[in-house]
Amino acid sequence: MSVAVNQTQTIERPSMDYLDQLEAEAIYIMREVAGQFERPALLFSGGKDSITLVRLAEKAFAPGKIPFPLVHVDTGHNFAEAIRYRDELAARTGAKLIVRYVEDTIKAKGLKEPTGKNASRNWLQTYTLLDTIEEFEFDACIGGARRDEEKARAKERIFSFRDEFGQWDPKRQRPELWNLFNGRIHKGENVRVFPISNWTELDVWSYIQRENIPLPSIYFAHERECILRDGRLLANTDFIQKDEDDQIVTRQVRFRTVGDMTCTAAVESSAATLEEVVAEITVSRISERGETRIDDQQTEAAMEDRKKGGYF
């Protein structure tokens, strides 16, 4: 873009790259959180979206350290690669890391763990998350939800209000006009904040490629022994109860999303570099959760039901 100064001279004004615009919006939101809330936290899973959030937080508050802790709710069934990466990232950035375990919540509350085919602790994370919010009195929790992931995500605001029980009511969300975010809450209430709401999976991967952000190796093509179940490839682990219809196969796969091992499927892929992953995602016509998250397929409103109960 150029601006005329006189008949003989023009000044070149650089246009903002699309990723720069997304980054600037996310950084603005991060700073709004730091300015409006007393005890914010960044929910960290070891996945690409939360890794992107950490990079954005580093940029938002440089040269200082990230001014809020990273919080991980560990189901006990996480991929080892993601856990190693989590610990390495916390050490590298100097960010405070808080880990709370679903296993401890099950024991403390006497919860009944799901059993049978496709049993997962994923829903039980809600109890641990709500207990952690209460323990540390967090009034804002930053997360990596994107609006192209799942239908219920698209109903969220960037500042998504939760009542004193941690519950989400899509009809009680506040309008967000002109990038004005209302963080006013009463004691016991909290806000879930989604700085990358306007990003897509491809945007995240393109940003990771541009920033050259290291990722857990699980995101890239590798040979792995898998359980072939109902057309999906699950990591072969003792956490999954096998049945007679399951087949054990060895395939070249990668994971598009990194969640609980019991409900996260792999995709067959030869994409071993960031460039190859971006190319693969560019032509994909199936969302990552639609292709790889088994717990989202149980009912049409599975995610929305979990969110209403306090799930992130």
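Novice: Run through the overall build of the protein, naming residues and quoting values.
Specialist: Secondary structure assignment for the protein yields 9 helices and 12 strands. The burial tally for the protein puts 53% of its 312 residues in the buried class. Approximately 15300 Å² of the protein is accessible, and the part contributed by carbon and sulfur atoms is 49%.

Novice: Tell me about the packing of aromatic side chains, residues and numbers included.
Specialist: Any aromatic ring pair is given by two values, namely how distant the centres are and how the planes are angled relative to each other. Summed over all chains, the structure comprises 9 aromatic pairs. When the centroid spacing of 5.4 Å and the interplanar angle of 15° are considered together, the rings of Phe-136 and Phe-138 count as stacked. Judged by relative accessible area, Phe-136 falls into the partly exposed class, the value being 22%. A relative accessible area of 8% means that Phe-138 is categorised as buried. Three or more aromatic residues joined by ring pairs make a cluster, and in this case those are Tyr-28, Phe-37, Phe-159 and Phe-181.

Novice: Tell me about the confidence of the model for the protein, residues and numbers included.
Specialist: Here the protein shows a mean pLDDT of 87. Residues at 70 or above account for 86%. Predicted confidence is poor over residues 1-8, with pLDDT under 50, and the contacts of this stretch with residues over four places away or in other chains come to 12 contacts.

Novice: Go over the pairing of strand E11 (residues 247-254), please, and point to the residues and values.
Specialist: For strand E9 (residues 222-229) and E11, the ladder comprises 7 bridges, and the chain directions are antiparallel. Residue pairing across strands places Glu-225 opposite Thr-250, the latter belonging to E11. Note that E11 and strand E12 (residues 265-268) share 2 bridges and pair antiparallel. Residue pairing across strands places Arg-254 opposite Val-267, the latter belonging to E12.

Novice: How would you sum up the packing of helix H2 (residues 48-61) against helix H3 (residues 80-93)? Please name residues and give values.
Specialist: Look at H2 against H3: their axes get within 12 Å of each other, and the N-to-C directions meet at 0°. Considering the angle they form, H2 stands roughly parallel to H3. On H3, the residues that touch Ile-51, Val-54 and Glu-58 of H2 are Tyr-85, Leu-89, Arg-92 and Thr-93.

Novice: Summarise the side chain of Glu-81; cite the residues concerned and give the values.
Specialist: Along the chain, Glu-81 falls in helix H3. In contact with Glu-81, other than residues within four places in its own chain, are Pro-216, Ser-217, Ile-218 and Arg-224.

Parameters at a glance
- Residues numbered from 1 in each chain as written.
- Predicted model: local features only at pLDDT ≥ 70, side-chain atom pairs only at ≥ 80, totals over all residues.
- Heavy atoms only, no water.
- Helix = DSSP H or I, 4+ residues; strand = E, 2+ residues; numbered from the N terminus.
- Buried < 20%, exposed > 50% of the residue type's maximum accessible area, 1.4 Å probe, protein only.
- Areas by Shrake-Rupley, 256 points an atom, 1.4 Å probe, with all protein chains shown as cover.
- Phe/Tyr/Trp six-rings, centres within 6.5 Å; stacked < 30°, edge-to-face > 60°.
- pLDDT = per-residue confidence, 0-100.
- Contact = heavy atoms within 4.5 Å.
- Pairing = 2+ DSSP bridges.
- Axes fitted to C-alpha atoms, helices over the stretch in contact; angles between N-to-C directions.
- Parallel < 35°, antiparallel > 145°, perpendicular 65-115°, else oblique.

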